[in-house]
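An overview of the molecular structure
The residues making up each chain are set out below.
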Amino acid sequence: MPPPDPASHDFSHEAARTAGGITELLDVMWERARQATATATSPASLSQLRLMYLVDRADRAEGLRMRTVCEQLGAAPPSVSRLCDRLQAIGFLERLPCPDSGREVVLRLTTAGRTHLQRIREQRETMLHHAIDAMPLTERRALAKGLAGLHAQLTTSTGAHRDAGSSSAA
């Protein structure tokens with residue numbers, strides 16, 4: 001995919017389209033990393049890995065409420081529950097009663113689940129290192145700066161959206 005043309009008046013649209021293409025490539029890399037680390041007990045689907053990723057990003061001591069996972073995945077509770085069943089059966093996830101609500105469930109990754117996710121991340125990072133190392137230094141610097149800015153904006157946007165969704169659900 002060619003880089004966006006900075007002289008274009010529509011530069012942000014081109015950059016967003018390029019970022020979307022990169023996101024798709026990263027999804028492919030995630031899948032390749034998952035396949036490279038696959039064992040008889042590893043998750044069979046990207047949906048299960050997405051769930052693991054969300055739970056891993058949560059506070060380890062508190063875990064992540066099942067309701068929040070459903071919202072973040074945009075999935076119905078029965079679908080998320082089936083994903084959890086498989087992950088719990090292979091020892092990657094645990095379900096615990098929510099300390100402040102008897103009707104809710106909190107999800108946490110087990111040590112085995114975190115280890116599995118870490119192996120996938122290491123495999124993906126190795127692939128990224130090879131691609132980035134092949135770039136000229138000036139492009140690597142620009143990429144690092146641009147990605148840091150994009151990450152900051154996405155983190156802010158996602159956090160604001162999540163906070164707004166939580167306050168309306170409460």
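Bear in mind that the values here come from a model prediction, so they are computed numbers and not experimental data. (Residues numbered from 1 in each chain as written. Predicted model: local features only at pLDDT ≥ 70, side-chain atom pairs only at ≥ 80, totals over all residues. Heavy atoms only, no water.)

Now for the overall build of the protein. Along its length, the protein carries six helices and three strands. Mapped from its N terminus to its C terminus, the protein presents α and β elements in the order α-α-β-α-α-β-β-α-α. Counting every position in the protein, which comprises 170 residues, the buried fraction comes to 26%. Restricting the contact set of the protein to residue pairs at least 6 apart, pairs at least 24 apart contribute 51%. Surface exposure of the protein reaches about 11,100 Å², of which carbon and sulfur atoms provide 57%. (Helix = DSSP H or I, 4+ residues; strand = E, 2+ residues; numbered from the N terminus. Buried < 20%, exposed > 50% of the residue type's maximum accessible area, 1.4 Å probe, protein only. Contact = heavy atoms within 4.5 Å. Areas by Shrake-Rupley, 256 points an atom, 1.4 Å probe, with all protein chains shown as cover.)

Bridge count for strand E1 (residues 64-65) against strand E3 (residues 101-109) is two bridges, and the pairing is antiparallel. Counted as the bridge partner of Arg-65 is Val-106 from E3. Remark: two residues form the turn of the hairpin made by strand E2 (residues 93-98) and E3, two consecutive strands paired antiparallel. (Pairing = 2+ DSSP bridges.)

Summed over the entire model, instances satisfying the criterion amount to zero disulfides. In this model Cys-84 remains outside any disulfide bridge; the closest cysteine sulfur is found in Cys-70, 7.9 Å from its own. The exposure class of Cys-84 is buried, given its relative accessible area of 0%. (Disulfide = S-S within 2.5 Å.)

What follows concerns the nonpolar core. Within the largest apolar cluster, 23 residues are counted, with the highest numbers of intra-cluster contacts made by Leu-51, Val-55 and Leu-93. With five residues, the top contributor of residues to this core is helix H2 (residues 46-57). (Core = buried A, V, L, I, M, F, W, Y, C linked by side-chain atoms within 4.5 Å.)

Sheet strands line up and pair through hydrogen bonds in the backbone, either parallel or antiparallel. Across the sheet, which stays open at both edges, the three strands sit in the order E1-E3-E2 with antiparallel pairing between neighbours. Bordering the open sheet on either side are E1 and E2, each of which pairs with just one other strand.

So, about helix H3 (residues 66-73). Restricting attention to buried positions, one finds in H3 the residues Met-66, Thr-68, Val-69 and Cys-70. Here the buried face of H3 lies against H2, E1, helix H4 (77-89) and E3. In the stretch just after H3, Gly-74 is the one whose phi turns positive, near 65°.

In regions of low pLDDT, the predicted coordinates are not meant to be interpreted in detail. Of all residues in the protein, 83% have pLDDT values of 70 or greater, and the mean over the chain is 82. Confidence over residues 160-170 falls short of pLDDT 50; this stretch has three contacts with residues more than four positions distant or in other chains. (pLDDT = per-residue confidence, 0-100.)

Under the criterion given, the structure shown has eight salt bridges. Measuring nitrogen to oxygen at the nearest pair gives 2.7 Å for the salt bridge that ties Glu-104 to Arg-65. Of this pair, Glu-104 sits in strand E3 while Arg-65 is found in strand E1, placing the two residues 39 residues apart along the sequence. What makes Glu-104 buried here is its relative accessible area of 19%. Relative accessible area serves as the criterion here: at 23%, Arg-65 is assigned to the partly exposed category. Several salt bridges share partner residues, and in doing so they unite Arg-65, Arg-67, Glu-71, Asp-100 and Glu-104 into one network. (Salt bridge = Lys/Arg side-chain N within 4 Å of Asp/Glu carboxyl O.)

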